[in-house]
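For reference, the chains in residue letters:
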Amino acid sequence: DSGVTQTPKHLITATGQRVTLRCSPRSGDLSVYWYQQSLDQGLQFLIQYYNGEERAKGNILERFSAQQFPDLHSELNLSSLELGDSALYFCASSDGGRGHSYNEQFFGPGTRLTVL
Amino acid sequence: GQNIDQPTEMTATEGAIVQINCTYQTSGFNGLFWYQQHAGEAPTFLSYNVLDGLEEKGRFSSFLSRSKGYSYLLLKELQMKDSASYLCAVRDQDSGTYKYIFGTGTRLKVLA
């Protein structure tokens, strides 16, 4: 158990809909990262937040957005969903904020999104 | 552009040593990571290299050559539980921000 929690575990929805994925980082971790993993594309970095502010951005679509709240949990919002958005979405957290560089990321169990 | 290459699949025998190579091309290299991912599970961190050389951690070691854009993960005394995908990832710095770029992973099968 990494200490990172994600809800829900599974989500099935239809094209055009909007969903919200939730992540709670390990206690004390200030950085949260979001990744998408699909069969044909491997693990893709989407976005990183540090203590509530966007810190790094990967190949995140404009239909996707994220935020990190004052209690450090994070949400990833996916809208106008397409079939190709079906994937496993991972959240990770790291100990940025304890004086260490952001090296080791701890991954949550993931949310499996199926778009029908 | 940014690119990471690693072999798609490898097979090795229990008790043996296996080396998984990774080559990368980035404009603002800021560290290389190796993760292990068992099927259906989340990735788990194995190692981090930012300077040239070898980092050893138990049965696993990781090597980096920044001038060659090359890294390898060495797994010794292979066990059946080492059957998993191994992901090479690079942190790339660009205009003051970072990106994490992952390879597609190497599926390692350990045979008895």
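Summary of the structure given here. None of the values given here were measured: they were computed from a predicted structure.

1. Looking at the interface of chain B and chain A
At the interface, 15 residues of chain B touch 19 residues of chain A. Of the roughly 1500 Å² buried between chain B and chain A, counting both surfaces, carbon and sulfur atoms make up 57%. Ranking the residues of chain B by area buried against chain A places B:F45, B:Y100 and B:F102 at the top, with a combined share of 34%. On the surface where chain B and chain A come into contact, there are zero salt bridges. Summed over the shared surface of chain B and chain A, the number is two residue pairs in polar contact (both at pLDDT 80 or more). Broken down by secondary-structure element, the contributors of at least two residues to the side of chain B that touches chain A are β4 (29–37), β5 (44–49), β9 (84–94) and β10 (97–102) of chain B. Sort the elements by how many residues they give to the side of chain B that touches chain A and β10(B) lands first, with five residues.

2. Describing the packing of aromatic side chains
One pass over the structure, following the stated rule, counts 17 aromatic pairs over all chains. When the ring of B:Y24 is compared with that of B:F29, the centres are 4.9 Å apart and the planes differ by 20 degrees; the resulting orientation is stacked. B:Y24 sits in the buried class, given a relative accessible area of 9%. The class for B:F29 is partly exposed, based on a relative accessible area of 23%. With 5.9 Å between their ring centres and 40 degrees between their planes, B:Y35 and B:F102 make a pair best called tilted. Residue B:Y35 is found in strand β4, and its partner B:F102 is found in strand β10; the two are separated by 67 residues along the sequence. In this pair, the class of B:Y35 matches that of B:F102, namely buried. Geometry around A:F106 places A:R26 over its ring, the cationic atom sitting 3.6 Å from the centre. Cation over ring: B:R91 sits above B:Y98, and NZ or CZ is 5.5 Å from the ring centre.

About the criteria used
Residues numbered from 1 in each chain as written. Chains lettered and ligands numbered in written order. Predicted model: local features only at pLDDT ≥ 70, side-chain atom pairs only at ≥ 80, totals over all residues. Heavy atoms only, no water. Contact = heavy atoms within 4.5 Å. Buried area = accessible area lost by both parts, 1.4 Å probe. Salt bridge = Lys/Arg side-chain N within 4 Å of Asp/Glu carboxyl O. Polar contact = N/O pair within 3.5 Å; in protein donor to acceptor, adjacent residues only side chain to side chain. Helix = DSSP H or I, 4+ residues; strand = E, 2+ residues; numbered from the N terminus. Phe/Tyr/Trp six-rings, centres within 6.5 Å; stacked < 30°, edge-to-face > 60°. Buried < 20%, exposed > 50% of the residue type's maximum accessible area, 1.4 Å probe, protein only. Lys NZ or Arg CZ within 6 Å of the ring centre and 35° of its normal.

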